[in-house]
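Spelled out, the chains give:
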Amino acid sequence: MMRYYTLSVIEDAFRRQDPELTETEIKEKAKKIHSQLNTLDISWRRSNKKFYRMNEFRNIGS
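Calculation rules
- Residues numbered from 1 in each chain as written.
- Predicted model: local features only at pLDDT ≥ 70, side-chain atom pairs only at ≥ 80, totals over all residues.
- Heavy atoms only, no water.
- Patch = residues over 30% accessible without salt bridge, like charges linked within 9 Å, V, L, I, M, F, W, Y side chains within 5 Å.
- Areas by Shrake-Rupley, 256 points an atom, 1.4 Å probe, with all protein chains shown as cover.
- Salt bridge = Lys/Arg side-chain N within 4 Å of Asp/Glu carboxyl O.
- Lys, Arg positive; Asp, Glu negative; His and termini not counted.
- Charge placed at Lys NZ, Arg CZ, Asp CG, Glu CD.
- Helix = DSSP H or I, 4+ residues; strand = E, 2+ residues; numbered from the N terminus.
- Buried < 20%, exposed > 50% of the residue type's maximum accessible area, 1.4 Å probe, protein only.

A.B. asks: So what exactly am I meant to see when it comes to a positive patch on the surface here?
C.D. replies: On the surface, Arg46, Lys49, Lys50 and Arg53 cluster together into a positively charged patch. Relative to the helices and strands, lysine 49 resides in helix α2 (residues 23–56).

A.B. asks: I tried to follow the pattern of salt bridges on my own but got confused; where do I start?
C.D. replies: Pairing is possible between side chains of opposite charge, provided their charged atoms come close. Enumeration over the complete set of coordinates arrives at 5 salt bridges. Taking the shortest distance from any N to any O, the salt bridge between arginine 15 and glutamate 11 comes out at 3.7 Å. Here the residue arginine 15 and the residue glutamate 11 both occupy positions in helix α1 (residues 7–17), the gap between them amounting to 4 residues, near one helical turn. You can call arginine 15 partly exposed: its relative accessible area is 28%. What makes glutamate 11 buried here is its relative accessible area of 11%. Between arginine 15 and aspartate 12 there is a salt bridge, with its nearest N and O atoms 2.8 Å apart. With arginine 15 and aspartate 12 both in helix α1, this residue pair falls 3 residues apart, about one helical turn. Within the structure, one salt-bridge network assembled from shared partners comprises Glu11, Asp12, Arg15, Glu23 and Lys27.

This is the structure:
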């Protein structure tokens, strides 16, 4: 099961990790991480779909 991170959760993590950051820096970093997580999630789902689609026919004769 995938865990979805909202921008606010990521921003809170940055605030706790580095209290010296400005709100602008926090928001910029959170947006970047959020975007990367979404990209990885999409890639993972596509990979899983392809894997199961390719292996679907192998299990029919078993």
